[in-house]
Amino acid sequence: MGELIKTPASGAGLTEPRQYLTFTIGGEMFAVETLSVKEIIEYGQVTCIPMMPASIRGVINLRGSVVPVIDLKARFGGRPTEATRRTCIVIIELDDDEHQVVGIVVDTVSEVLEIPAADIEAPPAFGARIRADFIRGMGKIEGRFVILLDVHAVLSTDELSLLSEMAQAVPSQLAPSLVE
């Protein structure tokens, strides 16, 4: 599984279709904008960090950088993901105040879809299995819905500060021994 090729956005118009990477978690289809996706890697050995919430699986070594890994299924209130041969880590880049790279564990990666703005509905006020602020919208694809995630809300500022502390807590001599 390689890196995704990013194409610069031509104009900032909200009416242009956007590309989304789709994946499954617990049998449900989710998506994130491809602009935030750096790459997709196979699920490998994740080094656990003691005393972390269940949603934080640990850290991986991504070409010499320590990257925290979040289990989205656990983050959404479910049981931790059981890794299978199709389980992947999607590497997400967040460009807030400081550049942050985070891995998210997903059951399977599906495909990249282009969704026109006209086919995106507002998030539901109730009834979703995850917090409403985690949902950017509902994309309509061939008669079914795909939950479009707001990665900034899912990986909130409070959580990111915790992740930064966790990454700094890993001694530098351990980083080379971490497996991608």
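Here the structure is a predicted model, which is why all the values come from computation and not from measurement.

Engineer: Any details on the layout of surface pockets? Residues and values, ideally.
Structural biologist: Considered as a void within the structure, the second largest pocket measures approximately 230 Å³ in volume. In terms of lining, the second largest pocket is formed by 13 residues, of which the most central are Glu33, Leu35, Ser36, Val151 and His152. Among the elements of the structure, β2 (28-33), β6 (88-95) and α2 (151-154) are those that each provide at least two residues to the lining of the second largest pocket. Among the elements that make up the lining of the second largest pocket, the one with the highest residue count is β6 (3 residues).

Engineer: I'd love a proper account of the pairing of strand β11 (residues 144-149), names of residues and values included.
Structural biologist: Side chains on a regular strand alternate between the two faces of the sheet. Here 2 bridges tie β2 to β11, and the two strands are oriented parallel to one another. Bridge pairing in β11 links Ala31 to Leu148. As paired elements, strand β10 (residues 135-141) and β11 share 6 bridges and run antiparallel to each other. For Ile141, the partnering residue across the bridge sits in β11 and is Arg144.

Engineer: How would you explain the pattern of salt bridges if you had to name every residue and give the values?
Structural biologist: Scanning all chains against the criterion turns up 6 salt bridges. A salt bridge links Asp71 to Arg57; the nearest nitrogen and oxygen atoms lie 2.6 Å apart. Taken as a pair, Asp71 in strand β5 (residues 65-71) and Arg57 in strand β4 (residues 56-62) lie far apart in primary sequence, 14 residues in all. As far as the burial class goes, Asp71 and Arg57 line up, both buried. Put simply, Arg131 and Asp133 hold a salt bridge, and the shortest N to O gap is 2.9 Å. The exposure class of Arg131 is partly exposed, given its relative accessible area of 45%. Judged by its relative accessible area of 41%, Asp133 is partly exposed. Residues joined in a network through salt bridges with shared partners are Arg18, Glu33 and Arg136.

Rules of the game
Residues numbered from 1 in each chain as written. Predicted model: local features only at pLDDT ≥ 70, side-chain atom pairs only at ≥ 80, totals over all residues. Heavy atoms only, no water. 1 Å grid on protein atoms, 1.4 Å probe; cavity = no way out; pocket = protein on both sides within 12 Å on 5 of 7 lines; lining within 4 Å. Points joined across faces, edges and corners; volume = space filled by probe spheres on them. Helix = DSSP H or I, 4+ residues; strand = E, 2+ residues; numbered from the N terminus. Pairing = 2+ DSSP bridges. Salt bridge = Lys/Arg side-chain N within 4 Å of Asp/Glu carboxyl O. Buried < 20%, exposed > 50% of the residue type's maximum accessible area, 1.4 Å probe, protein only.

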